[in-house]
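Structural characterization, general
Residue-level listing of the chains:
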Amino acid sequence: MTQDELKALVGQAALQYVTPGDIVGVGTGSTVDKFIDALASMPQAVAGAVSSSVRSTQRLLACGIPVIEATEVQHLSVYIDGADEIDHRGHMIKGGGAALTREKIVADLADRFVCIADESKWVQTLGQFPLPVEVIQMAVPQVMRRFAALGGQAQVRAGVLTDNGHPIVDVRGLAITDPLALEMEVNQWPGVVTVGIFARHRASVCLLGTAQGVRTHTF
Ligand code: 5RP
């Protein structure tokens, strides 16, 4: 199966976590695009979706799924999103699509985070994928120096501003052995909007697309 087919497989499989008539939290990315397509084909529709990006909002609306502002919702039963990496404890790196801040906000509303990913995302230790960090522009040089002090090589993502209007710094060379500690540390740095480590908001379930079918990990 191609990577695209694996993404479609887990996008479809995620429907088992969606209750008709409910409001669902929706992440961002090519895997989530497949989930949105599957959502649109549900015989009994959802009431709507809280979206984590302009990209997903546009796709949801194009599929006829009502989009509800996060500010209008107090609680979601489920949030469904992809990941750039996920480890055996459900910790993730996210933000390859630059939507990490809104993703964490919507994930925070949900009881359960269902991660959908193809098996290339499954890792022993986080950090092979460059760690995305959304940073307020004036703090970028200082944040990059702080990562250098930790042994990382930080680079501003060229030509990209997030939906919130901020640059993304991508950090290579970090072996993230304690994701929760690094998330807490980096979140304290002035000017950091969101670090793309999802440890406090780790996955509850991962649906992993493999050549043998969907492998389910529960954390
Ligand atoms: C966007 C994300 C995505 O979930 C992550 O980049 C995975 O994307 P894809 O499903 O396209 O591989 O965090 O900010």
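**Things to note about helix H2 (residues 30–40)**
By the burial criterion, the buried members of H2 are Thr31, Val32, Asp33, Phe35, Ile36, Ala38 and Leu39. Elements that come into contact with the buried residues of H2 comprise helix H1 (3–13), strand S1 (23–26), helix H3 (54–62), strand S3 (76–81) and strand S6 (110–118).

**Quick notes on the domain arrangement of the protein chain**
The domain architecture assigned to the protein chain consists of domain 1 (3–124 + 200–218) and domain 2 (131–195). For domain 1 versus domain 2, the separation of C-alpha centres amounts to 24 Å. Each side of the interface is counted separately: domain 1 has 16 residues, and domain 2 has 20 residues. Across the pair Glu183 and Lys104 runs a salt bridge whose closest N-O atoms are separated by 2.6 Å. At the boundary of domain 1 with domain 2, the tally comes to 10 residue pairs in polar contact (both at pLDDT 80 or more). It is helix H4 (residues 100–109) that contributes the most residues to the side of domain 1 that touches domain 2, 4 residues altogether. Here the residues of the side of domain 1 that touches domain 2 are counted per class, giving 4 nonpolar, 6 polar and 6 charged.

**Comments concerning the sheet that holds strand S10 (residues 192–195)**
Pairing is antiparallel across the open sheet formed by 4 strands, whose spatial order is S8-S9-S7-S10. Looking along the sheet, the strands with just one partner apiece sit at the ends: strand S8 (153–156) and S10. Adjacent strand axes in the sheet meet at a mean angle of 25°, parallel and antiparallel pairs treated alike. Judged from the 4 bridges that link them, S8 and strand S9 (residues 168–172) form a sheet pairing that is antiparallel. Paired with Gln155 across the two strands is Asp170, which belongs to S9.

**Things to note about the pattern of salt bridges**
This model, assessed by the stated rule, comprises 9 salt bridges. Notably, a salt bridge pairs Lys94 with Glu103, separated by 3.0 Å at the nearest N-O pair. Each member of the pair, Lys94 as well as Glu103, is classed as buried. Sharing partners across several salt bridges, the network here consists of Asp33, Asp37, Arg55 and Arg59.

**Some words on the environment of Val171**
With respect to the helices and strands, the residue Val171 is situated in strand S9. For the pair Val171 and Phe129, spaced 42 residues apart in the sequence, the C-alpha separation amounts to 8.6 Å. In contact with Val171, not counting residues within four places along its chain, are Pro130, Leu131, Val133, Phe147, Gly152, Gln153 and Ala154.

**Re the site of the ligand**
Neighbouring the ligand are 17 residues, the closest being Ser30, Thr31, Asp84, Gly95 and Lys121. One of the side-chain nitrogen or oxygen atoms of Asp81 is found 3.4 Å away from an oxygen atom of the ligand. Expressed as a share of its isolated accessible area of 380 Å², the protein-covered part of the ligand is 91%. The class makeup of the residues in the shell around the ligand is 3 nonpolar, 8 polar and 6 charged.

**Here's the deal with the nonpolar core**
Within soluble globular proteins, side chains that are nonpolar tend to cluster in buried spots. By size, the foremost hydrophobic cluster in this structure holds 24 residues, and its most contacted members are Val24, Phe35, Leu39, Ile80 and Leu207. Among the elements that take part in this core, H2 stands out by supplying 5 residues, more than any other. Leave out the neighbours within four places in its chain, and Ile80 touches Ala14, Tyr17, Val18, Gly25, Val26, Gly27, Val32, Phe35, Val114 and Ile116.

**Considerations on H1**
Every α-helix carries 3.6 residues per turn, so stepping three or four residues along brings you back to the same face. Where H1 is concerned, the buried positions are Leu6, Lys7, Val10, Gly11 and Ala13. Projected down its long axis, H1 carries its buried residues within an arc of 165°, all on one side. Where H1 is buried, its residues contact H2, S6, strand S12 (205–210) and strand S13 (213–218).

Calculation criteria
Residue numbering note: each chain is counted from 1, following its sequence as written. Side-chain atom pairs in this predicted model are given and counted only at pLDDT of 80 or more, local residue features only at pLDDT of at least 70, and totals for whole chains, interfaces and linings cover all residues. As a rule here, side-chain values come from all non-hydrogen atoms in the structure, and water together with hydrogens is ignored. Buried, partly exposed and exposed residues are distinguished by accessible area as a fraction of the type maximum, computed with a 1.4 Å probe on protein chains only: under 20%, between the cut-offs, and over 50%, respectively. Helix numbering and strand numbering both begin at the N terminus, where a helix is a DSSP run of H or I of at least 4 residues and a strand a DSSP run of E of at least 2. Contacts were defined at the residue level, with two residues in contact if any of their heavy atoms lie within 4.5 Å. Domain boundaries shown here were taken from an automatic or database domain assignment. For salt bridges, the criterion is a side-chain nitrogen of Lys or Arg within 4 Å of an Asp or Glu carboxyl oxygen. Polar contacts here mean pairs of N or O atoms no more than 3.5 Å apart (in protein, one a potential hydrogen donor and the other a potential acceptor; neighbouring residues in sequence count only if both atoms are side-chain atoms). The classification used treats Ala, Val, Leu, Ile, Met, Phe, Trp, Tyr, Cys and Pro as nonpolar, Asp, Glu, Lys and Arg as charged, and all other residues, Gly among them, as polar. Strands pair, by our definition, only if DSSP identifies at least two bridges between them. Helix axes are fitted to C-alpha atoms over the stretch in contact, other axes to C-alpha atoms as well, and angles between N-to-C directions run from 0 to 180 degrees. If even one non-hydrogen atom of a residue comes within 4 Å of a molecule or strand, that residue is called near it. Exposure was quantified through the Shrake-Rupley algorithm and a 1.4 Å probe, taking into account, for residues, occlusion by the shown protein chains and nothing else. Residues belong to one nonpolar core when they are buried, are Ala, Val, Leu, Ile, Met, Phe, Trp, Tyr or Cys, and are joined through side-chain atoms within 4.5 Å. As used here, the arc is the angular range of directions from the helix axis to the C-beta atoms.

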